Amino acid sequence: MLNFSLDVVTTAAILFIVASGLLMIFGVMKIINFSHGAFLTVGGYASMIVTQCGLNWWWSLPFSLACGFVLGMLVERFIVRPLYARPLDAILATWGLGIIVGQIITLAFGRGVQMVASPVNGALHVAGAQYSTYRLILVAVAVVVVLVLGGLLNGTRLGLQTRAVIMNEALARGLGISSSRVRFLTFCVGAALASAAGTLITPLSSVDPNMGVPWIVGAFMLVMVSGSSLVSLALACVMLGGAQVAVSTYVNPVLGGVTIAVLAALLLRLRPEGFARG
Amino acid sequence: MNALFSSFPFSVRTFGARAMLAASMAAAAHAALAAGTVKIGVPVGLSGANSVVAPSVVQSAQLAVDQINAKGGILGRHVELVVADDGSGAAGAQKAFDSLVFDKKVNALISMETSAARNAGLPIVTRGRTPYIYTSFYEGHSCNRYMYVDAWVPDQQVAPVVDYFMKQYHAKSFFLIGSDYAFGRGMLDFTKNYIEKHGGKVVGNEYLPMDGSDWTPIISKLQAAKPDALITSTAGGAPNVTLTKQLRAAGVKIPYGNLAVDEGTAKSMGPDAQGIYISGSYVTNIDTPANHAFLAAMQKRFGADLKTPNDLSVPEYEAIYLYKAAVEKAGSFDTAKVVPALAQVSFDGPRGTIRMDKERHTPLTMYLAQVQPDGSLKVIESDKNVDPGDQCPHLK
């Protein structure tokens, strides 16, 4: 039972880390960034480059944040910005971008699976159970992400402007808030978060050109039911991630793989606002 | 998207020195005029799931054809390789086989492919009456009048691992984990039967979809079941790596047999792979003159571009020589004569003496090896002439 609870908590933490970048972008821009998987992949390769240079694995976190931020700047300026008024075209454009980034990575590093050494190995003894140290670290990381993003949104002027844009973009612009600057910065932060998430999952995953793909559907569904609130995303991760672990443990891991998608679809049917408050 | 391009076959010129290219092209054209060329079709997954291993398969085919041409070809005819991308799947394979058999009119098909691609290609092989040597290990029991297999089936691979765990670690209870697809399930179904037949117990048998990457609930079940040993059969590449990493991160230390890891992957996985047991019909450090000669020739032919020869590429090399031997025994390229001859000939290759005489399948020497801390493989035991069992009892 203890193991099961730990599985639920750590799975929710990983889902939250992976989905938070997508949520940032969706919240402000109302655009689903389908290149999210490619940003995850970029983060995975960033950690591979860092470890191959002989640096400590933890250096890959700042490096991948920087890579994601810079990539986000370019993508926002040249691909997303011209498509603000056409959200459907933006979905197609980001989807295409994901394919292009994947192919560039394939050309540069090959199709094969790359290895990144893990920063920590082995298991911790938690109240009699033995549990993966790294997964427990990820819970702490998820908490840090919540605190930092929460602080950014609620404690800074940029956060205030961002919330204003989320609530009513036309009104915010009328008040003199540069919504294009808010959109630009949000996209960069979202891309940086996605890239950092890619780095954070490398100790649990392989690094290959398609490493981001399995995460997209789950992250997408979680964001759909969370609207634009970090708190509802955290709630969605615990509830749906918990359901996934429960189904995988007590029914069948193959069914567990579709749990999040099915439950999210059902939830949106019954309660269109999902976990968000109205 | 792959399917768009996958039916595009291209010839791989198989001449040695580049300076000689023009001259030998003229010579080849002359030879072709004199006696015609022999075309060997190689449908292989240059894109898709097999794209990591396919280049090594094409390389060993090139070496075999080069060597054969240097010694006068097959029955005096120059051999030409025709490689086609099958996209690692059924749709691509149909186009690739169709194009090779009916458009390029190849004399034989010799290739390593996914089971899906093989199954899609077989009706075309039957219609085109083309001899076909399948050179990939697979889940077994695929039978066709024109097909031979010179790689292993579960009956040959699984037994050494289970036997060793039972003998060495006195393992009684086993936990099985796999990817949810034909090969993964086929391997573990066989493993389960084999364990139960030999007095062991399977305390868990779990699958994750092929694109799944979170093994957490399965690992928790494994730890709750407290088995003596673990055997896995995932899809190659990413699933194998994620599972192994997560097992190590969770502190799983029981004996671990991996039915799907190859030498190259084990090598690059580093410390995570240490201690894993693997079983196969080829490892690079087989200490025989034939293997040393093969590795030296590969090194000389491809230099820095060499893809490490492996359990999927070496059978391709041997199969081309087996086809040559069969044609020479039959004294003709006629399918009706070549197909029965394929069961009668043998070739001394890197894996030993290969003879496809057991219901279209091949008794093989199997190696049980353990991954060392530096990523190299240490052969723990080898079993000579492991029988493939009854694969195609109804084929004549």
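Residues numbered from 1 in each chain as written. Chains lettered and ligands numbered in written order. Predicted model: local features only at pLDDT ≥ 70, side-chain atom pairs only at ≥ 80, totals over all residues. Heavy atoms only, no water.

**Student:** Now, about the overall build of chain B: what can you tell me, with residues and values included?
**Tutor:** Of regular secondary structure, chain B possesses 13 helices and 15 strands. Taking 2.2 N^0.38 as the reference for a compact globule, 396 residues should give roughly 21 Å; the C-alpha atoms of chain B span a radius of gyration of 21 Å, in line with that estimate. In chain B, once contacts between residues fewer than 6 apart in sequence are set aside, the share between residues at least 24 apart is 70%. Charge centroids of chain B, computed over 37 positive and 36 negative side chains, lie 3 Å from each other. (Helix = DSSP H or I, 4+ residues; strand = E, 2+ residues; numbered from the N terminus. Rg over C-alpha atoms; globule rule 2.2 N^0.38 Å. Contact = heavy atoms within 4.5 Å. Lys, Arg positive; Asp, Glu negative; His and termini not counted. Charge placed at Lys NZ, Arg CZ, Asp CG, Glu CD.)

**Student:** Describe the pattern of salt bridges, with residues and values.
**Tutor:** Considering all chains together, one arrives at 15 salt bridges over all chains under this definition. The shortest N-O distance in the salt bridge between Arg 135 of chain A and Asp 214 of chain B comes to 3.7 Å. Of the two residues, Arg 135 of chain A sits in helix H5 (residues 133-155) while Asp 214 of chain B sits in the loop between strand E8 (201-208) and helix H8 (216-225), which places them in two different chains. Each member of the pair, Arg 135 of chain A as well as Asp 214 of chain B, carries the same accessibility label: buried. (Salt bridge = Lys/Arg side-chain N within 4 Å of Asp/Glu carboxyl O. Buried < 20%, exposed > 50% of the residue type's maximum accessible area, 1.4 Å probe, protein only.)

**Student:** Outline the environment of Val 258 of chain A, listing residues and values.
**Tutor:** Tracing the chain through its elements places Val 258 of chain A in helix H11 (residues 253-270). By relative accessible area, which is 41% here, Val 258 of chain A ends up partly exposed.

**Student:** Describe the packing of H5 of chain A against helix H6 (residues 157-167) of chain A, with residues and values.
**Tutor:** Each pair of packed helices gets described by two things: the angle between the helix axes and the distance between those axes. Residues and elements named next belong to chain A. Running from N to C, H5 and H6 cross one another at 80 degrees; their axes reach a closest spacing of 5 Å. For the element pair H5 / H6, the angle class is roughly perpendicular. Contacts between H5 and H6 involve Leu 152, Leu 153, Asn 154 and Gly 155 from the first element and Arg 157, Gly 159, Leu 160, Thr 162 and Arg 163 from the second. When the residues that make up the contact of H5 with H6 are grouped by side-chain class, the tally is three nonpolar, four polar and two charged. (Axes fitted to C-alpha atoms, helices over the stretch in contact; angles between N-to-C directions. Parallel < 35°, antiparallel > 145°, perpendicular 65-115°, else oblique. Nonpolar A, V, L, I, M, F, W, Y, C, P; charged D, E, K, R; others polar.)

**Student:** Mind laying out the state of the cysteines, listing which residues take part and the relevant values?
**Tutor:** Counted according to the given criterion, the structure contains one disulfide over all chains. At a sulfur-sulfur separation of 1.9 Å, the disulfide partner of Cys 143 of chain B is Cys 392 of chain B. Across the S-S bond linking Cys 143 of chain B and Cys 392 of chain B, the dihedral sits near -90 degrees, which makes this disulfide left-handed. Within this pair, whereas Cys 143 of chain B is found in the loop between strand E5 (132-134) and strand E6 (147-149), its partner Cys 392 of chain B is found in the segment after strand E15 (377-386), the two being separated by 249 residues in sequence. The thiol sulfur of Cys 53 of chain A is not disulfide-bonded, and the nearest other cysteine sulfur, from Cys 67 of chain A, lies at 11 Å. Look at Cys 67 of chain A and you get partly exposed, because its relative accessible area is 24%. (Disulfide = S-S within 2.5 Å.)

**Student:** Let's hear about empty space enclosed by the protein: which residues, and what values?
**Tutor:** Summed over all chains, the structure comprises five cavities of 30 Å³ or more. As a volume, the largest cavity reaches approximately 110 Å³. Around the largest cavity sit 13 residues that line it, and Ser 132 and Arg 135 of chain A together with Thr 216, Ile 219 and Ala 250 of chain B are the ones nearest its centre. For the lining of the largest cavity, the secondary structure elements donating two or more residues are strand E2 (129-132) of chain A together with H8 and helix H9 (238-249) of chain B. For the lining of the largest cavity, the leading source of residues is H8 of chain B, giving four residues. For the lining of the largest cavity, the class distribution of residues is five nonpolar, six polar and two charged. For the second largest cavity, the calculated volume is near 80 Å³. (1 Å grid on protein atoms, 1.4 Å probe; cavity = no way out; pocket = protein on both sides within 12 Å on 5 of 7 lines; lining within 4 Å. Points joined across faces, edges and corners; volume = space filled by probe spheres on them.)

**Student:** Outline the interface of chain B and chain A, listing residues and values.
**Tutor:** The partner chain A presents 31 residues to the 30 residues of chain B that form the contact. Of all residues in chain B, Pro 217, Lys 245 and Ala 249 of chain B give up the largest surface area on contact with chain A, accounting jointly for 22% of the area buried on that side. Linking chain B with chain A are one salt bridge. Taken together, the links from chain B to chain A amount to eight residue pairs in polar contact (both at pLDDT 80 or more). At the level of secondary structure, the elements contributing two or more residues to the side of chain B that touches chain A comprise E8, H8, H9 and helix H10 (263-269) of chain B. It is H9 of chain B that provides the largest number of residues to the side of chain B that touches chain A, a total of seven residues. (Buried area = accessible area lost by both parts, 1.4 Å probe. Polar contact = N/O pair within 3.5 Å; in protein donor to acceptor, adjacent residues only side chain to side chain.)

**Student:** Give me the packing of aromatic side chains: which residues, what numbers.
**Tutor:** Going through the model one piece at a time under the given rule, you end up with 22 aromatic pairs over all chains. Aromatic pair Tyr 45 of chain A and Phe 109 of chain A: ring centres 4.9 Å apart, planes at 35 degrees, arrangement tilted. Of this pair, Tyr 45 of chain A sits in helix H2 (residues 36-52) while Phe 109 of chain A sits in helix H4 (residues 87-109), placing them 64 residues apart in sequence. Judged by relative accessible area, Tyr 45 of chain A falls into the buried class, the value being 3%. For Phe 109 of chain A, a relative accessible area of 32% puts it in the partly exposed group. Ring centres 5.6 Å apart and planes at 85 degrees place the aromatic pair Phe 97 of chain B and Tyr 132 of chain B in the edge-to-face group. Of this pair, Phe 97 of chain B sits in helix H4 (residues 90-103) while Tyr 132 of chain B sits in strand E5, and the two are 35 residues apart along the sequence. Classification of Phe 97 of chain B as buried rests on a relative accessible area of 0%. Classification of Tyr 132 of chain B as buried rests on a relative accessible area of 0%. (Phe/Tyr/Trp six-rings, centres within 6.5 Å; stacked < 30°, edge-to-face > 60°.)

**Student:** Can you tell me about the nonpolar core, naming the residues and giving the values?
**Tutor:** Judged by nonpolar contacts, the single largest core of 122 residues is most densely connected at Phe 165, Phe 174, Ile 231 and Tyr 323 of chain B. Sorting elements by how many residues they give to this core places helix H12 (residues 314-330) of chain B first, with nine residues. In contact with Phe 165 of chain B, other than residues within four places in its own chain, are His 170, Ala 171, Phe 174, Ala 229, Leu 230, Ile 231, Pro 255, Tyr 256, Gly 257 and Tyr 277 of chain B. Of all hydrophobic cores here, the second largest spans 68 residues; its members include Ile 25, Ile 31, Met 48 and Val 165 of chain A. (Core = buried A, V, L, I, M, F, W, Y, C linked by side-chain atoms within 4.5 Å.)

**Student:** Pulling in residues and values, what's your account of the environment of Val 202 of chain B?
**Tutor:** All names here are of chain B. Position of Val 202 relative to the elements: it lies in strand E8. Val 202 gets classed as buried once you look at its relative accessible area, which sits at 15%. Once the C-alpha coordinates of Val 202 and Tyr 132 are considered, the two residues, 70 residues apart in sequence, prove to be 37 Å apart.

**Student:** Got a sec to walk through unusual backbone geometry? Specific residues and values, please.
**Tutor:** In this structure, Lys 30 of chain A is a non-glycine residue whose phi angle is positive, near 55 degrees. One non-glycine residue with positive phi stands out, namely Ser 88 of chain B, at about 60 degrees. Mapped onto the elements, Ser 88 of chain B comes out in the loop between strand E3 (79-85) and H4. Take Ser 88 of chain B: its relative accessible area is 11%, and that puts it in the buried class.

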